[in-house]
Amino acid sequence: DTEVTQTPKHLVMGMTNKKSLKCEQHMGHRAMYWYKQKAKKPPELMFVYSYEKLSINESVPSRFSPECPNSSLLNLHLHALQPEDSALYLCASSQDGYGTGETQYFGPGTRLLVL
Amino acid sequence: GEDVEQSLFLSVREGDSSVINCTYTDSSSTYLYWYKQEPGAGLQLLTYIFSNMDMKQDQRLTVLLNKKDKHLSLRIADTQTGDSAIYFCAESGANSGYALNFGKGTSLLVTP
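Residues numbered from 1 in each chain as written. Chains lettered and ligands numbered in written order. Predicted model: local features only at pLDDT ≥ 70, side-chain atom pairs only at ≥ 80, totals over all residues. Heavy atoms only, no water.

## Structural notes on the overall build of chain B
Helix and strand counts for chain B come out as zero helices and 11 strands. For 112 residues, the compact-globule formula gives about 13 Å, and the C-alpha radius of gyration of chain B, at 13 Å, lands near that figure. Considering only C-alpha atoms, chain B reaches an extent of 45 × 30 × 20 Å along its principal axes. Across the 112 residues of chain B, 46% fall into the buried class. Contacts in chain B between residues at least 24 apart in sequence constitute 56% of all its contacts with a sequence separation of at least 6. When the accessible area of chain B is evaluated, it comes to approximately 5,400 Å², of which 48% is carbon and sulfur surface. Across chain B, the 9 positively charged side chains and the 13 negatively charged ones have centroids separated by 2 Å. (Helix = DSSP H or I, 4+ residues; strand = E, 2+ residues; numbered from the N terminus. Rg over C-alpha atoms; globule rule 2.2 N^0.38 Å. Buried < 20%, exposed > 50% of the residue type's maximum accessible area, 1.4 Å probe, protein only. Contact = heavy atoms within 4.5 Å. Areas by Shrake-Rupley, 256 points an atom, 1.4 Å probe, with all protein chains shown as cover. Lys, Arg positive; Asp, Glu negative; His and termini not counted. Charge placed at Lys NZ, Arg CZ, Asp CG, Glu CD.)

## Focus: the nonpolar core
Counting residues in hydrophobic clusters, the biggest one holds 23 residues, and the most contacted among them are Trp34(A), Phe64(A), Leu76(A) and Leu78(A). Every element with two or more residues in this core is listed here: β2 (10-13), β3 (18-25), β4 (31-37), β5 (44-50), β7 (64-70), β8 (73-79), β9 (87-94) and β11 (110-114) of chain A. (Core = buried A, V, L, I, M, F, W, Y, C linked by side-chain atoms within 4.5 Å.)

## Observations concerning a nonpolar patch on the surface
Residues Val12(A), Leu113(A) and Leu115(A) make up a contiguous nonpolar surface patch of about 290 Å² in total accessible area. Tracing the sequence through the fold places Val12(A) in strand β2. (Patch = residues over 30% accessible without salt bridge, like charges linked within 9 Å, V, L, I, M, F, W, Y side chains within 5 Å. Salt bridge = Lys/Arg side-chain N within 4 Å of Asp/Glu carboxyl O.)

## Considerations on the interface of chain B and chain A
With 20 residues of chain B at the interface, the matching set in chain A holds 19 residues. Considering only the surface of chain B that becomes buried against chain A, Leu43(B), Tyr98(B) and Phe102(B) emerge as the three largest contributors, covering 29% of it. On inspection of chain B and its partner chain A, the count reaches zero salt bridges. Where chain B touches chain A, the interface holds three residue pairs in polar contact (both at pLDDT 80 or more). (Buried area = accessible area lost by both parts, 1.4 Å probe. Polar contact = N/O pair within 3.5 Å; in protein donor to acceptor, adjacent residues only side chain to side chain.)

## Regarding the sheet that holds β7(A)
Residues and elements named next belong to chain A. Taken in spatial order, the four strands of this open sheet run β1-β3-β8-β7, and their pairing is antiparallel. Because the sheet does not close on itself, it has two edges, and the strands there are β1 (4-7) and β7. Strand-to-strand, the axes of this sheet are offset by a mean angle of 20°, without reference to chain direction. Bridge count for β3 against β8 is seven bridges, and the pairing is antiparallel. By the bridge assignment, Ser20 is partnered in β8 with His77. (Pairing = 2+ DSSP bridges. Axes fitted to C-alpha atoms, helices over the stretch in contact; angles between N-to-C directions.)

Here it is as structure tokens:
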């Protein structure tokens, strides 16, 4: 089983809203990732959690706030987003901690539209 | 940063073989991946190859790696309309801290 689930599938929010994206995996993977993907572009890495600790923050604006409550869950809290933040947000996980080259398995993504 | 290059578009007839090519520059690349993305969906891992291998076959998929030329290819035999998607080549290696470095993706169109 290599399933990563993400909720919601679609989200529309205003620029003053606060919302959260959720990602879950039950494969015992120890690294979890958030990516942002714009249309017809490859995914861009945002954050990496390894063993529930934030390992990588790719200079993402503070209006995006990740959280890893436990080894199976990864959240992305959104506040005061801009229309240019509209994108597909992908979560991924890999078996061992970050930096080991383990294969990353992706979820189906949350399509976000900021009005 | 290191580059991963792919042609942007490929069109084949149903039943033919498709070959998607990828080149990369990172000499420390250890793992090379092919991901498939259908419209509106996430990335599906198709296959991967370690840099000490030169070929891997998995049903209709054949991956060839020429490490000397830093060239990776994905061959899909008997291509079906359901294979129409964007295919991303990605590499990871020590130089990038094993982060995934993606190409821009090849859009494969399979026509009946």
